[in-house]
Structure formats: C-alpha cells, structure tokens
Amino acid sequence: MSGSRPSPLLLVWISSASLWRRELVRFYRQRSRVLGVIASPLVFWLVIGSGFGTSFRPESDHRISYLQYFFPGTLAMILLFTSVFCMMSVIEDRNEGFLQSVLISPVPRVSIVLGKVLGGTTIAAFQAALLLPLAPLVGFSLDGGRVVLLLAVLLLVAFGLTSLGFFFAWRMNSIQGFHAVMNVFLIPMWLLSGALFPRAGAAPWVAWVMKANPLSYGLALLHHVLSANPSTFSSDEPRVTTALTVSVLFSATMFLLGLLLVGRRSG
C-alpha cells in the first residue's frame with residue numbers, strides 16, 4: 001500500500017517550516033552571538049545618544065532629545081545587521097554539504113529561500129522587539145495597537161533585509177568575503193538612512209542617496225508608528241503610503257531575485 005504524496009503547496013510549507021525552525025535553533029544556540037546583537041546597539045544608542053544630546057537641535061518646533069531621535073535608528077541597526085548576517089548560514093550550509101543535499105532532494109527551491117528568509121526575519125524582528133520596552137523611557141507612548149503595528153513593520157523591514165542578505169550570501173563561498181562585502185555595503189546603508197541625522201539639511205548629494213536608500217523608507221515607517229507627528233524626526237519625512245509601498249516593493253523584489261538565483265544555480 002503506497003502512501004499518498006503531499007500536495008506541492010503543503011510540501012513547500014513543510015519544507016520551509018523545517019528550514020525556518022533550523023535557523024532559529026541554530027542562532028539561539030550561539031549565546032554570545034545573541035548577546036552581541038542586543039548589547040552592541042544598546043550601548044551604541046546610549047553612548048551616541050547621550051554624547052550628541054546637547055548639540056542636537058530638532059528642525060521643527062517639537063521638542064525631541066537625540067536619544068529619542070536615535071531610538072528608531074537603533075531598531076533599524078538591529079534589523080539590518082541581524083537580518084543580513086543571519087544569512088551566513090547559507091555559506092556554512094554549502095561548506096558543510098547540507099545545502100547540496102537539500103538541492104538534490106525533492107524539496108521545492110522556493111522552500112529553501114522562504115525557509116531561510118523567514119528564519120532570519122523572525123530572529124531579526126524578535127531581537128529588535130526586545131528594545132521596545134525602552135521606548136516609553138525616551139518619550140514614546142506605546143499602546144497595544146501601536147505595538148502590533150510596530151511588530152508588523154519590524155517583520156516587513158526584516159523580510160526585505162534578510163532577502164537582501166540571502167541574495168548576496170548565495171553568490172559567495174567564503175564567510176570572510178561575505179563579512180567584508182556586507183560591512184562595506186551595510187554601514188553606509190544604515191548611516192544614510194536617516195538613523196543618525198535627518199535628510200533635510202544634508203548636502204544635496206547625501207540627501208539624494210538617502211532618498212534612494214530603501215532602508216530610509218523602512219525607518220520612516222518606524223517614525224510614523226512611534227510618533228503621532230513623524231515630522232518630529234524630519235521635515236522631509238516620506239508619507240506613510242510612500243514608505244509602505246517602497247518597503248513592500250523592496251521586500252518583494254529582493255525575495256524574487258533570491259528565487260531566480262536559486263533556480264539558476266545548483267549550489
């Protein structure tokens with residue numbers, strides 16, 4: 001008596017869930033890595049925020065401290081670096097032979113991308129969410145509905161950034177090379193997102209780069225959810241519809257590029 005085969009859609013979800021769970025278990029077994037992801041941005045936020053506090057002058061009439069201004073940027077930092085560097089597991093899996101065994105199995109290729117990306121997304125969003133209890137300490141009022149929206153934004157931004165990390169990691173064979181390329185790419189991406197300084201008032205070419213930076217729109221979504229008046233952060237803040245549209249398009253584009261890459265290359 002032969003058992004019935006699962007439907008293709010069910011096979012995709014089962015395979016993706018297995019890879020998703022593997023990513024989570026793998027990450028949280030590395031205690032030092034978990035601590036570093038949280039402690040480094042927290043120290044950075046406190047030191048930079050306190051150091052720039054007396055020299056920071058908001059553009060608008062709204063009173064805002066630099067610790068308050070820098071808080072969403074710290075969330076963006078955690079999302080960016082956790083999402084992307086979680087995808088080092090792609091290179092590790094290839095070097096250990098696990099990826100090759102998955103590629104020659106009946107597992108659909110979309111499951112590889114979806115499982116890996118969802119794993120990194122969950123880890124990054126959870127790590128960033130651990131900082132949310134600090135938001136009221138710097139003047140943000142968070143009710144239940146706002147927390148839900150914040151979690152949704154964290155997941156959306158993390159999904160796009162993890163897909164970006166997957167795209168680069170799939171093309172590389174060396175963890176050291178991945179680190180080098182990503183550091184050169186990610187630090188400017190974060191610095192020019194509006195995390196440290198607003199776009200309005202920046203040099204014209206810097207403002208143009210910030211406007212083209214997809215992370216700027218993810219950060220703008222955080223601004224819109226955290227504050228009833230997002231112009232508190234910048235007088236040149238994108239509208240919420242624009243920020244949401246760009247963030248969704250960026251996430252979808254990077255995920256589809258990852259799918260195309262996996263479908264083209266055998267690993």
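Keep in mind that what you see is a predicted model, and the values were worked out from it rather than measured.

Draft legend 1. Representation of helix α10 (residues 214-226) in the model. With 13 residues, α10 extends 19 Å between its outermost C-alpha atoms, agreeing within 8% with the 18 Å of an ideal straight helix rising 1.5 Å per residue. The buried fraction of α10 amounts to eleven of the 13 residues, a majority that puts the element mostly inside the structure. Where α10 is concerned, the buried positions are Leu215, Ser216, Tyr217, Gly218, Leu219, Ala220, Leu221, Leu222, His223, Val225 and Leu226. Along its buried surface, α10 packs onto α3 (66-86), α7 (144-170), α8 (175-195), α9 (204-212) and α11 (240-264). Two to three positions downstream of the cap, the backbone nitrogen of Leu215 sits 3.0 Å from a side-chain oxygen, assigning the N-cap of α10 to Asn213.

Draft legend 2. Summary view of the environment of Ala128. Mapped onto the elements, Ala128 comes out in helix α6 (residues 109-129). The class for Ala128 is buried, based on a relative accessible area of 0%. Each C-alpha atom, one on Ala128 and one on Thr74, is 8.5 Å from the other, the two residues being 54 residues apart in sequence. Ala128 has contacts with Leu75, Ile78, Leu79 and Leu154, leaving out every residue within four places of it along the chain.

Draft legend 3. Summary view of the packing of aromatic side chains. Evaluated as defined, the whole model comprises eight aromatic pairs. Summarising the aromatic geometry, the rings of Phe81 and Phe85 are spaced 6.2 Å apart at their centres and angled 20 degrees between planes, so their arrangement reads as stacked. Here Phe81 pairs with Phe85, and both are found in helix α3, just four residues apart, close to one helical turn. Overall, the relative accessible area of 22% leaves Phe81 in the partly exposed class.

Draft legend 4. Quick look at the pattern of salt bridges. Tallying each qualifying case throughout the model produces six salt bridges. We note a salt bridge from Glu92 to Arg26, for which the minimum N-O separation is 3.2 Å. Highlighted residues: Glu92 in helix α4 (residues 88-96) and Arg26 in helix α1 (residues 8-28), separated in sequence by 66 residues. The exposure class of Glu92 is partly exposed, given its relative accessible area of 21%. Residue class for Arg26 comes out buried when judged on its relative accessible area of 18%.

Draft legend 5. Local environment of the packing of α7 against α8. Interhelical geometry of α7 versus α8 gives an angle of 145 degrees and a closest axis separation of 11 Å. Viewed along their axes, α7 and α8 form a crossing whose handedness is right-handed. Side by side, α7 and α8 meet where Leu161, Leu164, Gly165, Phe168 and Ala169 of the first sit next to Phe178, Met182, Phe185 and Met189 of the second. Among the residues forming the contact of α7 with α8, the class breakdown is eight nonpolar, one polar and no charged.

Draft legend 6. Seen up close, the nonpolar core. Among the nonpolar cores identified, the biggest contains 73 residues, and Trp170, Phe178 and Trp190 are the most heavily contacted of them. Not counting chain neighbours up to four residues away, the residues in contact with Trp190 comprise Phe44, Phe70, Gly73, Ala76, Met77, Leu80, Ala195, Leu196 and Leu215.

Rules of the game
- Residues numbered from 1 in each chain as written.
- Predicted model: local features only at pLDDT ≥ 70, side-chain atom pairs only at ≥ 80, totals over all residues.
- Heavy atoms only, no water.
- Helix = DSSP H or I, 4+ residues; strand = E, 2+ residues; numbered from the N terminus.
- Expected span 1.5 Å × (residues − 1).
- Buried < 20%, exposed > 50% of the residue type's maximum accessible area, 1.4 Å probe, protein only.
- Contact = heavy atoms within 4.5 Å.
- Polar contact = N/O pair within 3.5 Å; in protein donor to acceptor, adjacent residues only side chain to side chain.
- Phe/Tyr/Trp six-rings, centres within 6.5 Å; stacked < 30°, edge-to-face > 60°.
- Salt bridge = Lys/Arg side-chain N within 4 Å of Asp/Glu carboxyl O.
- Axes fitted to C-alpha atoms, helices over the stretch in contact; angles between N-to-C directions.
- Left-handed = near helix turned anticlockwise from the far one by under 90°.
- Nonpolar A, V, L, I, M, F, W, Y, C, P; charged D, E, K, R; others polar.
- Core = buried A, V, L, I, M, F, W, Y, C linked by side-chain atoms within 4.5 Å.

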